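Chain residues, written in single-letter form:
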Amino acid sequence: APVITVPVPLGDRAYDIFVGRGLLAGAGPRIAALGARAAIIITDENVGPLYADALAEALQRQGLRATTFAVTPGEATKSYASLEKVCDAVLAAKIERGDLVVALGGGVVGDLAGFAAAVVRRGVRFVQVPTTLLAQVDSSVGGKTGINSRYGKNLVGAFHQPSLVLADTALLDTLPIREMRAGYAEVVKYGLIDDARFFDWCEANWRGVFSGGLERDEAVAQSCRAKAAVVVRDEREDGDRALLNLGHTFGHALERITRYDSARLVHGEGVAIGLCLAFRFSVSLGLCPAADAERVEAHLAATGLPTRLSHVPGGCGSVDDLLDAMAQDKKVKGGALTFILARGIGQSFIAPGIAVEKVRSFLAS
Ligand code: NAD
Ligand code: ZN
């Protein structure tokens with residue numbers, strides 16, 4: 001299958017994202033081209049047994065010393081305790097600054113291993129080999145790494161760009177369907193932000209994305225192009241990188257209300273409901289045609305994603321519970337919230353100063 005290259009032109013930290021089915025088997029030369037002598041593969045106990053040996057052997061064939069360290073799967077692993085274990089594993093494997101930390105897994109492994117790479121020896125190079133759709137289209141691109149604290153998610157971290165991203169779309173064949181759908185919500189998000197043609201394409205081609213046709217590679221590559229473009233414009237998120245939060249103000253609140261219990265709601269499911277709410281809210285403010293909000297909901301629902309507050313298992317509490325959960329978001333300032341709203345599909349914009357009362361009357365309606 002053809003390999004699609006997406007460049008991320010970040011000056012002296014520029015790197016490439018390679019997207020293609022079956023990339024892992026030929027990953028050796030691409031990683032070896034970075035010039036390291038050794039690599040440690042950080043993975044989790046679901047992904048490791050499936051793919052770590054193939055990756056380690058691909059590296060060893062290029063003469064690299066390769067070892068593997070597996071962490072427990074799940075969000076709870078983005079912790080200080082696992083950070084210590086991963087840092088110590090990197091040091092025990094005698095990884096020098098010119099060597100590589102290779103993150104083989106979903107966003108949990110990528111964020112944790114990337115942060116360890118950022119701080120061990122004040123910065124070791126790292127490579128992302130994302131194995132979930134969410135990681136391939138979102139978390140592996142952009143250089144945000146980190147762990148959670150008792151005060152909230154992703155509050156301790158660093159910007160540390162990878163030296164290379166290898167997105168082998170065949171690895172998604174073993175991904176549970178719920179995780180696949182959750183990642184797909186982020187794919188749709190890129191169309192909704194500023195690319196109506198890509199949203200049209202998603203409506204026509206989503207089945208191929210799920211079944212693993214060439215459409216999957218195209219969707220991953222297009223998402224990476226979209227995210228890379230935003231990251232290059234605004235690496236540190238003080239400007240329009242915030243557009244990537246479309247659907248996330250509501251989505252994060254739902255995750256908080258369901259206590260980050262993945263049995264109830266995973267991130268992408270919160271985002272799917274959040275995208276629908278962001279569009280319906282935009283309609284209620286008179287900004288967006290109702291037909292666009294209906295199309296967004298119809299498409300996400302067709303793929304099996306939840307789209308309404310009533311779809312949250314166990315419910316999502318009262319309007320006040322939701323507002324409280326939103327108020328804990330870092331995007332709240334003085335009784336007003338910053339939302340990403342839309343004038344239509346592909347026409348999103350940052351809307352600061354949305355009064356809490358407007359959100360309340362929308363949610364109560
Ligand atoms: P995850 O890493 O927990 O993976 C989901 C589940 O799928 C896990 O159980 C994992 O073991 C399993 N899995 C992974 N790949 C598999 C495969 N190929 N086959 C079978 N099982 C597989 O979850 P995620 O959704 O990938 O990532 C979520 C994390 O990403 C969150 O912590 C979030 O904060 C973070 N994130 C970071 C950024 C960023 O910019 N750094 C962006 C978005 C999300
Ligand atoms: Zn997200």
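Residues numbered from 1 in each chain as written. Chains lettered and ligands numbered in written order. Predicted model: local features only at pLDDT ≥ 70, side-chain atom pairs only at ≥ 80, totals over all residues.

Undergrad: So what exactly am I meant to see when it comes to the overall build of the protein here?
TA: Within the protein, the secondary structure is distributed over 13 helices and twelve strands. Compactness check: the protein gives a C-alpha radius of gyration of 20 Å against a globular reference of 21 Å for 365 residues, within 12% of the reference. Dimensions of the protein, computed from C-alpha atoms along their principal axes, come out at roughly 65 × 40 × 40 Å. Out of the 365 residues belonging to the protein, those deemed buried represent 50%. Considering only contacts within the protein whose residues lie at least 6 apart along the sequence, 72% involve residues at least 24 apart. (Helix = DSSP H or I, 4+ residues; strand = E, 2+ residues; numbered from the N terminus. Rg over C-alpha atoms; globule rule 2.2 N^0.38 Å. Buried ≥ 20, exposed ≤ 12 C-beta atoms within 10 Å, placed from the backbone. Contact = placed C-beta atoms within 7 Å.)

Undergrad: Explain the pairing of strand 6 (residues 125-130) to me, please; I cannot follow it from the model alone.
TA: Sheet faces and side chains relate simply in a regular strand, where the side chains alternate between the two faces. For strand 6, a buried count of six out of six residues is recorded, marking the element as mostly surrounded by other parts of the structure. Pairing analysis gives six bridges linking strand 5 (residues 100-105) to strand 6, with the strands arranged parallel. The residue bridging Val101 from the neighbouring strand is Phe126, located in strand 6. Taken together, strand 5, helix 4 (residues 107-119) and strand 6 constitute a β-α-β crossover, and its handedness is right-handed. Where strand 6 meets strand 9 (residues 164-168), two bridges bridge the pair, whose relative direction is parallel. (Pairing = 2+ DSSP bridges. Right-handed = clockwise from strand over helix to strand, strands pointing away.)

Undergrad: I keep staring at the site of ligand 1 and nothing clicks. Help me out?
TA: Within the structure, ligand 1 sits among 30 residues, and Asn46, Gly106, Gly107, Thr132 and Ser139 are positioned closest to it. Breaking the shell around ligand 1 down by element, the ones donating at least two residues are helix 2 (47-60), helix 4, helix 5 (133-139) and strand 8 (152-159). For the shell around ligand 1, a count of residues per class yields ten nonpolar, twelve polar and eight charged. (Near = placed C-beta within 6 Å. Nonpolar A, V, L, I, M, F, W, Y, C, P; charged D, E, K, R; others polar.)

Undergrad: When you look at the nonpolar core in this model, what are you seeing that I'm missing?
TA: Grouped burial of nonpolar side chains is what soluble globular proteins tend to show. Counting 115 residues, the largest nonpolar core has Ile42, Val101, Val102, Leu104, Leu275 and Ala278 as the members making the most contacts within it. Residues lining this core come from more than one domain, with at least three contributed by each of domain 1 (4-174) and domain 2 (177-364). Excluding anything up to four places from it in sequence, Ile42 contacts Phe69, Val86, Val101, Val102, Ala103, Leu104, Val109 and Ala113. (Core = buried A, V, L, I, M, F, W, Y, C linked by C-beta atoms within 7 Å. Domains from an automatic or database assignment.)

Undergrad: What's the story with the UniProt feature "binding site: NAD(+)" (unreviewed entry) in the protein in this structure? I'm lost.
TA: In the UniProt entry, the feature "binding site: NAD(+)" (unreviewed entry) is given for Gly107, Val108, Val109, Gly110, Asp111, Thr131, Thr132, Lys144 and Lys153. With respect to the helices and strands, Gly107 occurs in helix 4. The exposure class assigned to Gly107 is buried, which follows from the 22 C-beta atoms found within 10 Å. Apart from residues no more than four positions distant in its own chain, Gly107 is found in contact with Thr132, Leu134, Ala135 and Ser139. On the neighbour-count criterion, Thr131 (30 C-beta atoms within 10 Å) is buried. In this structure Thr131 touches Val47, Tyr51, Leu104, Gly105, Gly106 and Leu171, once residues within four positions along its chain are discounted. (UniProt positions renumbered as here; feature names shortened; annotations may be inferred.)

Undergrad: Got a minute to help me understand the pairing of strand 11 (residues 336-342) in this structure?
TA: Extensive coverage of strand 11 is indicated by the burial of five of its seven residues. Linking strand 11 to strand 12 (residues 348-355), which pair antiparallel, is a turn of five residues; within it Gly346 sits at a positive phi near 80°.

Undergrad: How do you make sense of the sheet that holds strand 6 when you look at a structure like this?
TA: Sheets are built from strands paired through backbone hydrogen bonds, the pairs being either parallel or antiparallel. Across the sheet, which stays open at both edges, the seven strands sit in the order 1-2-9-6-5-3-4 with mixed pairing between neighbours. Two strands lie at the open edges of the sheet, namely strand 1 (4-8) and strand 4 (65-71), each paired on one side alone. In this sheet, adjacent strand axes meet at a mean angle of 20° when their direction is disregarded. Its contacts with the sheet place helix 4 against strand 3 (38-44), strand 4, strand 5 and strand 6, and it is angled at close to 170° to strand 5. (Axes fitted to C-alpha atoms, helices over the stretch in contact; angles between N-to-C directions.)

Undergrad: How do you make sense of the packing of helix 7 (residues 196-211) against helix 8 (residues 214-233) when you look at a structure like this?
TA: Packed helix pairs are characterised by how far apart their axes lie and by the angle those axes make with each other. Two numbers describe how helix 7 lies on helix 8: the axes approach to 9 Å, and their chain directions differ by 140°. Taken together, the axes of helix 7 and helix 8 lie oblique to each other. Here helix 7 runs over helix 8; the crossing is left-handed. Where helix 7 abuts helix 8, its residues Phe198, Asn205, Gly208 and Val209 lie against Glu215, Arg216, Ala219 and Gln222. Looking at the contact of helix 7 with helix 8, its residues break down into three nonpolar, three polar and two charged. (Parallel < 35°, antiparallel > 145°, perpendicular 65-115°, else oblique. Left-handed = near helix turned anticlockwise from the far one by under 90°.)

Undergrad: Can you help me understand the environment of Ile147 in this one?
TA: With respect to the helices, strands and loops of the structure, Ile147 is situated in strand 7 (residues 144-149). A residue is classified by how many C-beta atoms lie within 10 Å of it, and Ile147, with 22 of them, is buried. When the C-alpha positions of Ile147 and Leu300 are compared, they lie 30 Å apart, and in sequence the two are 153 residues distant. What Ile147 contacts, discounting residues up to four positions off in sequence, is Lys78, Ser79, Tyr80, Leu83, Leu112, Phe115, Val156 and Gly157.

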